[in-house]
Amino acid sequence: MWPEEKIQAFRKALLDWYDAAGRDHLPWRLNNDPYRIWVSEIMLQQTQVITVIPYYNRFMALFPSIKELAEAEEDVLLKAWEGLGYYSRVRNLQKAAQQIMADYDGVFPNQPEEIIKLKGIGPYTAGAISSMAFGLPEPAVDGNVMRVFSRVFEIGDDIAKPATRKIFEGLVRVLIDPDRPGDFNQAIMDLGTDICAPKNPRPEESPIKDFNQAYQNGTMHLYPFKSKAKKPVPKTMQGIVIQSGDHFLLEKRPESGLLANFWTFPLVEENWGDWPKIEQINFLVAEPAPLNEEGMHALNTFLDEKVKMTAEQIQPAVGSLTHVFSHRKWHITVHHVVVEGMKEDLPENMQWVSRFDFPDYAFAVPQQKMWEIIWKENRKFLQSF
DNA sequence: AACCCGTGGGC
DNA sequence: TGCCCAAGGGT
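The shown structure was predicted, so the numbers you read here are calculated from the model rather than taken from an experiment.

## A few points about unusual backbone geometry
Between Tyr-223 and Pro-224 the backbone carries a cis peptide bond, its omega angle lying at -5°. Locating Pro-224 in the fold gives a position in the loop between helix H12 (213-217) and strand E1 (233-244). Of note in this structure, Tyr-86 is not a glycine but carries a positive phi near 45°. Along the polypeptide, Tyr-86 turns up in the loop between helix H5 (74-81) and helix H6 (88-103). Given the relative accessible area of 44%, Tyr-86 is considered partly exposed. A positive phi is found at Asn-261, a non-glycine position, where the angle reads about 70°. Of note, Asn-261 is situated in the loop between strand E2 (247-252) and strand E3 (263-264). According to the relative accessible area criterion, Asn-261 is buried, its value standing at 12%.

## Digging into the confidence of the model for chain A
On average, residues of chain A score 89 in pLDDT, and 91% of them reach the 70 mark or higher. In the model, residues 273-289 has pLDDT below 50 throughout and makes 29 contacts with residues more than four positions away in sequence or in other chains.

## Some details on the protein's contact with DNA strand B
Close contacts around DNA strand B come from 24 residues, with Tyr-86, Tyr-87, Leu-259, His-323 and His-327 the closest. The sugar-phosphate backbone supplies 65% of the atoms of DNA strand B found within 4 Å of the protein. Here a phosphate oxygen of DNA strand B and a side-chain polar atom of Tyr-87 are 2.8 Å apart. Between DNA strand B and the protein, one listed contact pairs a phosphate oxygen with a side-chain N or O atom of Lys-230 at 3.1 Å. For the surface near DNA strand B, the elements supplying multiple residues, two or more each, are strand E5 (311-324) and helix H14 (365-377).

## Focus on the pairing of strand E6 (residues 328-339)
A large share of E6 lies buried, amounting to 10 of its 12 residues. Sheet topology places E1 next to E6; 11 bridges connect them, and they run parallel. Each residue of the ladder has a partner; that of Lys-235, found in E6, is Trp-330.

## Focus on the domain arrangement of chain A
Split into domains, chain A comes out as domain 1 (4-222) and domain 2 (233-384). Its C-alpha centre places domain 1 at a distance of 39 Å from the equivalent point of domain 2. In this assembly, 8 residues from domain 1 lie in contact with 13 residues from domain 2. Taken together, both faces of the contact between domain 1 and domain 2 bury some 810 Å²; the carbon and sulfur share is 51%. The three residues of domain 1 that bury the most area against domain 2 are Lys-79, Glu-82 and Tyr-87, which together make up 48% of that side's buried surface. Counting every contact that joins domain 1 to domain 2 gives 1 salt bridge. Its salt-bridge partner being Lys-252, residue Asp-75 comes within 3.7 Å of it at the nearest N-O pair. At the junction of domain 1 with domain 2, the criterion picks out 5 residue pairs in polar contact (both at pLDDT 80 or more). Top element by residues in the side of domain 1 that touches domain 2 is H5. It accounts for 4 residues.

Basis of the calculations
Every chain is numbered on its own, with residues counted from 1 as its sequence reads. Chain letters and ligand numbers both follow the written order, the letters beginning at A and the numbers at 1. In view of the model being predicted, local features appear only for residues whose pLDDT reaches at least 70, and side-chain atom pairs are presented and counted only at 80 or more, with totals across whole chains, interfaces and linings using the full set of residues. Excluding hydrogens and water, the side-chain values take into account all heavy atoms of the structure. What counts as a helix is a DSSP run of H or I of at least four residues, what counts as a strand is a run of E of at least two, and both are numbered from the N terminus. Relative accessibility decides the category of a residue: with a 1.4 Å probe and only protein chains considered, values under 20% of the type maximum give buried, values over 50% give exposed, and everything between is partly exposed. For every residue, the predictor states its confidence as a pLDDT score lying anywhere from 0 to 100. Here a residue-residue contact requires only that any non-hydrogen atoms of the pair lie within 4.5 Å. It suffices for a single heavy atom of a residue to lie within 4 Å of a molecule or strand for the residue to be listed as near it. We define a polar contact as two N or O atoms separated by no more than 3.5 Å, with the added condition that, inside protein, one atom must be a possible hydrogen donor and the other a possible acceptor, whereas residues neighbouring each other in sequence contribute only through side-chain atom pairs. At least two bridges found by DSSP between two strands is the condition for calling them paired. Domain ranges listed in this record stem from an automatic or a database domain assignment. A simple way to read buried area is as the amount of 1.4 Å-probe accessible surface that goes missing from two parts once joined, with both sides added. When a carboxyl oxygen of Asp or Glu lies within 4 Å of a side-chain nitrogen of Lys or Arg, that pair is called a salt bridge.

Next comes the structure, spelled out in structure tokens:
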């Protein structure tokens with residue numbers, strides 16, 4: 001490790017640059033309120049600043065305090081998070097708020113060992129809150145920090161491995177400025193988003209270029225090392241949009257797993273008839289196609305079993321869409337089915353919902369895409385109701 | 001440790 | 001277009 005003088009020079013170079021060029025306008029940097037910082041850190045997990053800002057402002061207006069967050073309805077929470085992704089974040093956020101109400105009398109705990117006990121707060125977020133809200137010299141090691149210091153110290157460990165984070169935590173514990181730990185952590189992250197970017201970094205502009213071993217040695221292209229992620233697994237599905245007047249049949253997804261608790265137009269995961277098999281999807285895009293006899297039979301069985309109705313009108317395969325998650329890739333062929341009346345003996349997780357009430361329901365992006373297809377293809381038809 | 005969990009932007 | 005990336009955490 002560097003001698004003490006060099007460490008102090010590093011801190012000064014970094015923080016002088018941060019004071020001059022850091023992003024002091026971000027809404028969560030308004031003050032040091034742990035609640036405001038906490039919510040921002042959860043939203044910022046694997047999500048870019050520019051995406052978070054509008055969600056953050058709306059969320060803080062809806063839930064201005066820990067107490068109001070703890071008492072919110074889950075549907076309202078999901079609606080506030082709609083489109084942000086990684087929805088377990090907001091469920092855990094509320095669980096933690098309830099923990100704080102029950103265990104800490106509604107006051108955010110100020111010790112790292114307590115903070116990390118809260119649901120949804122791991123090593124990074126605990127360090128971020130500890131340093132930024134409470135001025136404690138705790139490391140907050142995210143992707144930016146690993147990228148910056150892998151270059152500064154020419155560290156070739158795979159940053160995709162969980163164990164690698166500990167190496168960088170050890171470094172930051174030594175380097176962090178004890179007088180300004182929150183600013184130190186944020187300065188490294190601000191540096192990592194622009195100058196020390198993943199692609200096309202500009203190390204010659206860096207305030208710490210003299211400390212950057214990889215830059216000095218011409219090895220910038222080697223750092224950080226990151227093993228490749230697996231490709232998303234493709235899956236074909238049939239999306240069934242069932243309409244009765246201005247009402248549509250919605251299904252609530254299970255309470256765990258992908259898009260848990262979201263409302264969706266029913267999705268049938270099995271292939272019908274000669275629809276492309278899953279293993280073929282790597283090579284062809286699922287084109288919308290009319291239902292063959294077998295497919296039509298499967299659709300009527302679905303209607304009979306789930307909705308206990310028969311179709312008055314079927315517009316099969318009005319469109320198709322692809323949606324890529326971090327680990328899965330959905331190919332959905334969308335069908336439009338019009339029925340007469342609304343039978344009420346539905347399964348527990350199904351409801352008829354007026355399209356005018358859709359704004360009250362949380363829809364993940366695949367469902368928004370399904371609705372766009374129906375809306376565009378049937379605009380005139382829908383507006384006649 | 002490896003897998004699960006979303007979405008949008010950049011190139 | 002496909003791939004990488006983003007202020008990660010839970011299990």
